[in-house]
Each structure stands twice: as structure tokens, then as C-alpha cells.
Amino acid sequence: MLLRKEIKYVIPIVQFYGMQRELGALMAPDVHCGPNGYMVRSLYFDSAFNTDLHDSLDGLLIKGKIRLRLYSHDSKSVKLEYKRKHDHDGAKHVLTISREQAERMAFSDYDFLQTMDNPLARQIWLRLTEGAYRPASIVEYTRYAYAYPASDIRITFDRDIRTSCAPLAFFDEAPALFPMCPGDQGVFEVKYNDFLPAVFKGIIKRLDMIPQANSKYMQSRLFY
């Protein structure tokens, strides 16, 4: 299992705008990223005892999350992601499922995963069923993303981060969402595999901030 380094900072939006020209010169924009970024919407699941939430609140080094993710409300396919973290290292396992299957999951029906000829599907099904997982919250934001091939470096900036406690609104065109952070701030994140070239270390150093854990899922649950 490949563990990627993940470093997060909460920074002013104007600071990110000041970095965009430099990032654009060094890195390629994400293929989905237009001039105004792109929408990311996730539906998170948690156990009957809110295991994943408490793991984040307690600051456990090893923790995991299961979520559905889409990039357009009318998408015909959805990403089912099982994300695991060990301190600042993370691994994300992704399975593409149909919209109909995702809708079943929004109603806590996970049985189709058990019948799929896919080890990851069965692993997710086992975690969901053993922990009596159910849909917990929606998180949506606008993302700007850049990629660099060496060490598979990816830099993202998420702004306009909002949430809903109505999981069945996941496929709505315009669900009722509430802001989770000040409108003039966003989350700047750097992900990479083995090493970070000096030029990117220089960018991070100029932020003059201490990296911090920033679980959007945890914040969404605490919001309510």
C-alpha cells in the first residue's frame, strides 16, 4: 500500500491567488480545473457509534473514512473511496460505481458490494456492515488543483467549503448547504509520494504557517 504525504494549511484566499501564477508556471492544472476551479461533493459514512468522527476528534494516528464523491450533480458514475491515514501519511482506494448503486448506498443499502468481483468492494462492504455504517454528512467545495509528475505531487486549494446533514440531498442540483469556514479562507494542501523538490519546499516555507490537521468531515459533523 503506497502511503502519500499530506500537508494542510488554512490560508487566506488572497494569498492563494497571489501564488496561482507561480503554481501555473511550475505545474499543470488538473484536467477538470477551469479558471474558476471545479465542484467537489462528498457524502461521508460513519458507524452507529460515530467511530470515524471520534477517531479524528481523539487525534488517533491511524484512522479511516468511507465516502462517495462526485463532480457534477447529474454524473452517471460516482467514486466510492476508502481513505486511510497514518499520521501525515495517507492512502486512498477508489472504486467507480454507478449512480444507481450510489443512490442505494445513500439509503444504507450496501449489499451489491458483497456480490462484486472486487476485493476492495468486499473490504468496504465488510467495514460498512460490521460497524452499522450509515450516511452521515455532505461536504461540498470549490477546488483548484495542480499536478507535477515527479513524486506525483499534487497541490490543491479548497474554498467555499459547505456542509449539509441531509445525506439524501447528495444528488440534488442545489442542496441546502451551510458554510463551514470564513469566506475569506481556504484549505491549501500538498500531497506527494517520496520527496518534495526544493522549489515546492520554498513555496510552503513562504506560507509562514504551521501545518494543521483539517478534516472536512469532522468539521461538518461538529457544525451540527
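Overview of the structure. (Residues numbered from 1 in each chain as written. Predicted model: local features only at pLDDT ≥ 70, side-chain atom pairs only at ≥ 80, totals over all residues. Heavy atoms only, no water.)

## Brief notes about the overall build of the protein
Put simply, the rule is: A run of H or I in DSSP counts as a helix once it spans at least four residues, and a run of E counts as a strand once it spans at least two, with each numbered from the N terminus. The reference for a compact globule is 2.2 Å times residues^0.38; the radius of gyration itself is calculated from the C-alpha atoms. A simple rule labels every residue: compare its accessible area, found with a 1.4 Å probe on the protein chains alone, to the largest value its type can have, and call it buried under 20%, exposed over 50%, or partly exposed in between. Should any heavy atoms of two residues lie within 4.5 Å, those residues are considered in contact. All accessibility values rest on the Shrake-Rupley procedure with a 1.4 Å probe; residue burial counts only the protein chains present in the view. Charged residues are defined narrowly, with Lys and Arg counted positive, Asp and Glu counted negative, and His plus the chain ends left uncounted. We put the charge of a Lys on NZ, of an Arg on CZ, of an Asp on CG and of a Glu on CD.
Check the secondary structure of the protein and you find 7 helices and 10 strands. Against the compact-globule benchmark of 17 Å for 224 residues, the protein has a radius of gyration of 17 Å, which places it among compact chains. Taking all 224 residues of the protein together, 49% fall into the buried category. Residue pairs in contact within the protein that sit at least 24 positions apart in sequence constitute 70% of those at least 6 positions apart. Just so you have it, the protein exposes about 11200 Å², and 55% of that area is on carbon and sulfur atoms. Of the charged side chains in the protein, 30 are positive and 27 negative, and the gap between their average positions amounts to 4 Å.

## A look at the state of the cysteines
Stated precisely, the cut-off is as follows: For the purposes of this analysis, a disulfide is any pair of cysteine sulfur atoms at a distance within 2.5 Å.
Here the structure, examined in full by the defined rule, presents 0 disulfides. Free of any disulfide, Cys33 has its nearest cysteine sulfur in Cys181, 18 Å distant. Judged by relative accessible area, which is 17%, Cys33 ranks as buried. Free cysteine: Cys165, not disulfide-bonded; nearest cysteine sulfur from Cys181 at 18 Å. For Cys165, a relative accessible area of 45% corresponds to the partly exposed category.

## With respect to a nonpolar patch on the surface
Using the following cut-off: Like charges are joined within 9 Å and nonpolar side chains (Val, Leu, Ile, Met, Phe, Trp, Tyr) within 5 Å, but only among residues with over 30% relative accessible area and no salt bridge; these make up the patches. Any Lys or Arg side-chain nitrogen located within 4 Å of an Asp or Glu carboxyl oxygen qualifies as a salt bridge.
Together, Phe178, Phe223 and Tyr224 line one region of the surface with nonpolar side chains, adding up to about 310 Å² of accessible area. In this fold, Phe223 is placed in helix α7 (residues 216-223). With a relative accessible area of 39%, Phe223 lands in the partly exposed category.

## Focus: the side chain of Arg67
Let me state the cut-off plainly: Think of a polar contact as two N or O atoms within 3.5 Å of one another; within protein, one of them needs to be a possible hydrogen donor and the other a possible acceptor, and neighboring residues in sequence only count if both atoms come from side chains.
With respect to the element layout, Arg67 can be found in strand β4 (residues 62-70). Reaching out from Arg67, the side chain makes a polar contact with the side chain of Tyr44 at a distance of 3.3 Å. Of note is the side chain of Arg67, whose polar atom sits 2.7 Å from the side chain of Glu81.

## Focus: the pairing of strand β1 (residues 4-12)
This is how the line gets drawn: Paired strands are those between which DSSP finds at least two bridges.
When β1 meets strand β6 (residues 89-98), the two strands line up antiparallel, connected through 2 bridges. In the sheet register, Arg4 faces β6, and the bridge partner there is Gly90. Sheet topology places β1 next to strand β10 (residues 185-192); 8 bridges connect them, and they run antiparallel. The partner of Val10 across the bridge, within β10, is Val187.

## A few points about unusual backbone geometry
In this model, Ser108 sits at a positive phi of 65 degrees, which is unusual for a non-glycine residue. Mapping Ser108 onto the fold places it in the loop between α3 (99-106) and α4 (111-115). Classification of Ser108 as partly exposed rests on a relative accessible area of 34%. A positive phi angle is found at Asp152, which is not glycine, with a value near 50 degrees. Of note, Asp152 is situated in the loop between β7 (134-148) and β8 (153-164). Judged by relative accessible area, Asp152 falls into the partly exposed class, the value being 42%.

## Some points on helix α1 (residues 13-26)
Filter applied, for reference: Every helix has an expected span of 1.5 Å times one less than the residues it contains. In this scheme, the bend at a residue equals the angle between the axes fitted to the seven residues that finish there and the seven that begin there.
Between its terminal C-alpha atoms α1 stretches 20 Å, which fits the 20 Å expected from 14 residues at 1.5 Å a residue. The sharpest bend along α1 measures roughly 40 degrees and falls at Gln20. Of the positions making up α1, those classed as buried are Ile13, Phe16, Met19 and Leu23. Among the structural elements, β1, β7, β8, β10 and α6 (198-207) are those in contact with the buried residues of α1.

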